Every structure is written in C-alpha cells, then in structure tokens.
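Reading the structure
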Amino acid sequence: MTADIAQDLAPTGTLRAAINLGNPVLAHGTPDDPAGVTVDIAREVAGRLGVPVAFLCFDAARKSFEAMTSGTADICFLAVEPVRAAEVAFTAPYVVIEGVYAVPQGSDLTTPADVDRAGVRVGVKRGSAYDLFLTRTLQHATLVRGDEGVDVFRADGLEVAAGIRQPLAAYVEAHPDLRLVDERFMQIQQAVGTTLTRRPETVRFLSGVIEELKASGFVADALSRSGQSPDLVAG
C-alpha cells in the first residue's frame with residue numbers, strides 16, 4: 001500500500017514540496033537551506049513513503065499554489081480557502097494563525113469592524129490567505145494589493161495594513177508610528193494539500209500523518225525549534 005501511495009504522491013520518485021518562505025511562521029531560511037515546521041513535515045512524509053524530498057521554495061503563497069496546480073509540486077502548505085479547495089485536496093489544519101490589521105497611531109480605527117467602511121484602503125499581500133478572505137468578506141473598504149501588504153501600505157499612504165499576526169506585530173514594534181489592531185479579523189487554517197487527482201487513499205494517508213504528527217507533539221516541537229509558539233498547533 002505504501003509503495004502505491006508513494007507512486008501516486010511522488011510519481012517522479014522524489015516528493016516535491018512547495019515551501020512558502022514568505023510566511024515566517026511556517027518556514028524560514030534560504031531556498032538552498034529552508035527550515036521550519038513545513039520543512040520538517042515534508043521530510044517526515046517523504047521518510048514514511050521511503051522517497052527523497054526536494055524543496056521548491058517561493059516567497060508567496062500564491063506561487064506555492066501555482067506550483068501545486070501546474071504539477072511542479074506534489075504537496076503544498078497553504079491556508080484553506082474556498083478558491084484553493086476547488087483545485088487542492090487539503091488535510092485538516094496542522095497550525096492555526098491569525099490575520100490582523102496595523103494602522104497609524106492616530107487612526108480612529110480600533111476594531112476589525114471599523115476597517116470595513118467606505119474610504120478605507122487596506123494593503124494586502126497579493127494572493128495571500130487574508131487577501132482571499134478579505135476579497136470575500138469586505139463590503140465597503142477597498143483592497144490594494146502588492147508584493148507585501150506593509151510595503152504597499154507605506155508606498156501608497158493607505159489607512160490599513162493587513163497581515164499575519166507574528167510578522168506584522170514585529171513590524172509594528174520596529175515602527176512606533178504604527179499600532180496593531182489586536183483583535184483578529186480571521187483565523188488562518190494552515191493545512192497540507194495535494195492535487196484533487198490523487199487517489200482517495202493517498203489523501204487519507206496524508207491526513208492520517210498530519211493527525212499523528214499533531215497528536216505526538218511533532219508539530220509543536222517543530223514550531224518551537226523554529227522560534228514559534230507551540231500553541232499554534234491546530235486542535
């Protein structure tokens with residue numbers, strides 16, 4: 001059975017894992033030497049299949065998604081979003097992180113609900129989970145997309161920057177003219193994905209591995225080794 005799953009999931013004989021170095025909670029390092037919880041999980045999956053692993057590293061989630069859907073990668077590590085689930089088979093989440101806003105110190109925006117009003121422009125990283133979520137949910141505010149949400153926020157003098165809590169909080173700490181809107185606007189469920197063309201037993205294998213790695217403490221340990229809170233492990 002394992003040999004059949006290995007052939008289905010890694011048809012080239014190597015498990016090709018798309019790694020998003022643009023999300024420091026999940027991965028860090030360089031394309032030649034990546035590290036982090038997603039790298040550790042990919043190695044573990046490959047080890048259980050008895051195949052080597054190759055890391056395809058990108059600086060944005062949308063590029064990992066494109067590698068998955070184009071057939072360049074065999075597995076990916078992405079936030080579960082409806083537009084992605086139309087093309088990717090996801091496991092249950094292994095990590096849950098939060099999307100939050102940053103605003104200038106003098107802003108009168110104090111809650112996520114305050115942000116969704118006419119005339120408010122929100123900088124987001126193009127193709128990120130929070131871009132997809134806010135595209136679906138904001139009714140009055142305007143999204144402005146860029147390579148990085150904080151960069152377009154600065155460059156265009158926007159009212160709000162959106163991002164992942166940990167890196168956005170670090171950015172705010174380094175820029176005292178800004179403050180964090182502490183209440184999250186979304187939970188981001190990070191899961192392992194593969195193509196919908198995989199056999200059901202292959203997807204079940206991936207799902208089973210993720211559940212086991214969460215229950216055993218593997219995911220929590222991997223987070224801790226990369227300087228992230230083990231409390232981020234999904235329930």
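Note: the structure precedes this text.
Residues numbered from 1 in each chain as written. Predicted model: local features only at pLDDT ≥ 70, side-chain atom pairs only at ≥ 80, totals over all residues. Heavy atoms only, no water.

Observations concerning the packing of aromatic side chains
For the coordinates displayed, the defined rule picks out 3 aromatic pairs. Here the aromatic rings of Phe77 and Tyr94 are separated by 6.2 Å at their centres, their planes lie at 85°, and the arrangement is edge-to-face. Here Tyr94 lies in the loop between β6 (88-90) and β7 (95-104) and Phe77 lies in strand β5 (residues 75-79), a separation of 17 residues in the sequence. In this pair, the class of Phe77 matches that of Tyr94, namely buried. Through a chain of ring-to-ring contacts, three or more aromatic side chains come together here, namely Tyr101, Phe133 and Phe185. (Phe/Tyr/Trp six-rings, centres within 6.5 Å; stacked < 30°, edge-to-face > 60°. Helix = DSSP H or I, 4+ residues; strand = E, 2+ residues; numbered from the N terminus. Buried < 20%, exposed > 50% of the residue type's maximum accessible area, 1.4 Å probe, protein only.)

A word on the packing of helix α2 (residues 37-49) against helix α9 (residues 200-215)
For the pair α2 and α9, the least separation of the axes is 11 Å and the interaxial angle reads 120°. With respect to α9, the element α2 is oriented oblique. Judged by the twist between their axes, the crossing of α2 over α9 is right-handed. Residue-level inspection shows Ile41, Glu44, Val45, Arg48 and Leu49 of α2 in contact with α9, the latter providing Phe205, Leu206, Val209, Ile210, Glu212 and Leu213. (Axes fitted to C-alpha atoms, helices over the stretch in contact; angles between N-to-C directions. Parallel < 35°, antiparallel > 145°, perpendicular 65-115°, else oblique. Left-handed = near helix turned anticlockwise from the far one by under 90°. Contact = heavy atoms within 4.5 Å.)

Some remarks on the nonpolar core
Counting residues in each nonpolar core, the largest one holds 57 residues, and the members touching the most others are Ile41, Tyr94, Tyr101, Val122 and Leu134. Here this core takes 7 residues from α2, the largest share from any one element. With 12 residues, the next largest nonpolar core counts Val100, Val150, Ala161 and Leu168 among its residues. (Core = buried A, V, L, I, M, F, W, Y, C linked by side-chain atoms within 4.5 Å.)

A word on helix α3 (residues 61-70)
Where α3 is concerned, the buried positions are Ala61, Arg62, Ser64, Phe65, Ala67 and Met68. Buried residues along α3 sit in contact with β1 (15-20), β4 (53-58), β5, α4 (82-85), β6 and β11 (178-195). One or two steps after α3, the chain reaches Gly71, where phi turns positive at roughly 90°.

Observations concerning the side chain of Asp131
If you trace the backbone, Asp131 turns up in helix α6 (residues 129-137). Among the polar contacts made by the side chain of Asp131, one reaches the side chain of Arg145 at a distance of 2.9 Å. Setting aside its immediate chain neighbours within four residues, Asp131 contacts Val124, Lys125, Arg126, Leu143 and Arg145. (Polar contact = N/O pair within 3.5 Å; in protein donor to acceptor, adjacent residues only side chain to side chain.)

Focus on the pattern of salt bridges
Side chains carrying opposite charge are able to pair once their charged atoms draw close together. For the structure shown, the criterion picks out 21 salt bridges. Taking the shortest distance from any N to any O, the salt bridge between Arg165 and Glu98 comes out at 2.6 Å. With Arg165 in helix α8 (residues 165-174) and Glu98 in strand β7, this pair connects stretches of sequence that are 67 residues apart. Using a relative accessible area of 19% as the deciding quantity, one classes Arg165 as buried. By relative accessible area, Glu98 is classed as partly exposed at 22%. (Salt bridge = Lys/Arg side-chain N within 4 Å of Asp/Glu carboxyl O.)

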